[in-house]
Amino acid sequence: MALVGSAVGLGNIWRFPFLVGENGGAAFVIIYLGIVFMIGIPLVLSEYLIGKGAQRGPVGAFRALAPQNRVFRHQGLLCIVIGFTILGVYNVVSGWVLESLVESIKTGFQGQSPEQISRNFTDFTSSVWKPILYCTGYMVITSLIVGRGIEKGIEKWNKILMPLLFAMLVALCINSLTLSGAGDAIEFLTKPNWNQVTFQTVLDALGQVFFTLSVGMGIMMTYGSYVRGSENMFRSKATASVIDSCAAMLAALMIFPAVFTFNLEAAQGPELVFIALPNVFAQMGTGGWIASVLFFGVLTIAAITSAISIFEMLVTITIEELKASRRNATIGVAGASLLLSSLCAWSMGVFNGFDGLVNKFLLPVFGIMCVMFVGWVLRRKVVEDIFTSQGRYSLRIFRVFYFIVRWVAPVAIMCIMLGAFGVI
Ligand code: TRP
C-alpha cells in the first residue's frame with residue numbers, strides 16, 4: 001500500500017497523458033508498458049533489495065554494502081541532487097493543481113468555452129507571481145507537516161485517498177467514454193504509428209517509467225530499509241507496479257476523449273490535463289462542479305503525500321549528514337527547494353530543463369548504477385537470499401530477475417540513452 005501511495009500521483013495523471021499526446025499515442029503506450037515489465041519492475045526490486053540488505057537509506061546503504069567500492073560509495077549523494085530537482089518541478093505542478101482546485105470551488109468551470117478554459121490556464125501559468133504564490137502555499141503546507149514530524153499520520157490518508165482516487169478515475173473514464181470523441185481517442189491509444197518513434201520517444205518512456213514508479217532516487221531503498229524478515233518481495237512489488245500502470249491508463253482514457261471531443265491539441269505539453277479535464281466538468285452541469293472539486297481535491301492531497309516523501313528523504317539526509325536539528329533541516333530544505341521551484345514556476349524553459357535533466361538523465365543514471373550494483377558488485381548468493389527470503393519464494397523468478405539486472409537492463413538503459421543523445 002505504501003508503495004502504491006508513493007507511485008500513484010501526478011506522474012500518472014499529469015505526466016503520462018501529456019507524454020502520450022506528445023509522442024503520438026499508441027506506440028508510446030506499448031513501449032512504456034514494455035519498459036515497465038522489462039526494466040521497471042526489476043529496477044524497483046533492485047533498489048528495494050539494496051535497502052533491505054543494508055537496512056539503511058540511500059546515502060548509507062551503498063557505504064554499508066560496499067565500503068571499498070569507490071564508485072558506488074558516493075551514489076547516495078546523487079539522490080540529494082535528484083530529490084531537489086524533482087521537488088522543484090513537482091511543487092510547481094502541485095501549485096497548478098491547487099489553482100485548479102480554487103477555480104473549481106469558485107466556478108466549477110461552468111459555462112466556460114474550450115477557448116476560455118485554455119486561455120485562463122495559460123494566462124495563469126505564464127503570469128509571473130501567481131504560479132510562484134500557489135507553489136509557495138504548497139511548500140508551506142508540506143514543510144509544516146514534515147517539520148512537525150507528523151508525516152506518518154498524513155501518509156495513512158493514502159489508505160482512504162488511493163481507493164477514492166481510483167474510484168474517481170473510473171467514474172470520469174466512463175463519463176469520458178460517452179463523449180463524441182471517444183472513438184477517435186481509442187483509436188489514438190490503440191493503433192500505433194511507428195513512424196513517429198525515435199530514440200527520444202523511447203527515452204521519454206524510460207524516464208516516465210522511472211518517475212511513475214518512484215524509482216531511481218533512493219525512495220524504494222528507504223522503504224526496503226524499514227522491512228525485516230521474510231516476504232514475497234516479487235509479488236508485492238510487481239502488483240504495485242501493475243496497479244500504477246493501470247492508474248496511468250485510466251488517466252489517458254479519461255483525458256483523450258475530451259481532447260478529441262473539444263478539438264484540443266494532443267501535443268500541447270505539460271498543461272494538457274489542466275486544460276482538457278475542465279472541459280469535461282464544464283459540460284456536466286452542477287454535477288461537474290462537485291466532480292471537479294472532488295477530483296482536484298483528491299489530487300491535491302495525493303500530490304502532497306508524494307511531495308512529502310521526497311521532502312522527508314532530503315530532511316533525513318540533512319539531519320544525518322550535517323547533524324542538523326529537524327527544525328533547521330526542514331527550513332533549509334524548504335528554502336532551497338522553494339528557490340528552485342520559483343525558478344521553474346517563473347520560466348517554462350527552466351521547468352522543462354529540470355524535468356528533462358531528471359527524467360532523461362539523472363534517473364536513468366541512478367537506475368543503471370542500482371542494477372549494476374545488484375548484478376555485478378553484490379555476490380549472487382547475497383542477492384538470491386534477499387530476493388527469495390532465504391529460498392522461500394520465487395526461486396525461478398529470481399533467475400530471470402538476475403539475468404535482467406546483470407545484462408538486459410544495463411545494456412538497454414545505456415543504449416536508449418546513447419541513442420537519444422545521438423551517440424549511436
Ligand atoms: N511516482 C510519483 C508520481 O507518479 C512521483 C515520484 C517520483 C515520487 N519520485 C518519487 C513520489 C519519490 C514519491 C517519492 O507522481
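Residues numbered from 1 in each chain as written. Predicted model: local features only at pLDDT ≥ 70, side-chain atom pairs only at ≥ 80, totals over all residues. Heavy atoms only, no water.

## Section: the state of the cysteines
Item 1. Scanning the model with the defined rule gives zero disulfides in all.
Item 2. Summary of cysteine pairing: C79 is not part of a disulfide, and the nearest cysteine sulfur, belonging to C370, is at 7.7 Å. (Disulfide = S-S within 2.5 Å.)

## Here's the deal with the packing of helix α14 (residues 233–261) against helix α15 (residues 272–283)
Item 1. Axis separation between α14 and α15 bottoms out at 9 Å; the angle between their running directions is 75°. Considered as vectors, α14 and α15 are oriented roughly perpendicular to each other. Where α14 abuts α15, its residues M254, I255, F256, A258 and V259 lie against L272, V273, A276, L277 and V280.
Item 2. Residue composition of the contact of α14 with α15, grouped by class: 10 nonpolar, no polar and no charged. (Axes fitted to C-alpha atoms, helices over the stretch in contact; angles between N-to-C directions. Helix = DSSP H or I, 4+ residues; strand = E, 2+ residues; numbered from the N terminus. Parallel < 35°, antiparallel > 145°, perpendicular 65-115°, else oblique. Contact = heavy atoms within 4.5 Å. Nonpolar A, V, L, I, M, F, W, Y, C, P; charged D, E, K, R; others polar.)

## With respect to the packing of aromatic side chains
Item 1. A complete count under the given rule lists 25 aromatic pairs for this structure.
Item 2. Pairing W96 with F351 gives two aromatic rings, centres 5.5 Å apart and planes at 20°, and the pair type is stacked. Of the two residues, W96 is situated in helix α6 (residues 75–106) and F351 in helix α18 (residues 348–377); the sequence distance between them amounts to 255 residues.
Item 3. Three or more aromatic residues link up through ring pairs in this structure, and these residues are W14, F18, W96, F121, F124, Y134, F274 and F351.
Item 4. Cation over ring: R15 sits above F211, and NZ or CZ is 5.5 Å from the ring centre.
Item 5. Looking at K237, its charged tip hangs above the ring of Y48, at a distance of 4.1 Å from the centre. (Phe/Tyr/Trp six-rings, centres within 6.5 Å; stacked < 30°, edge-to-face > 60°. Lys NZ or Arg CZ within 6 Å of the ring centre and 35° of its normal.)

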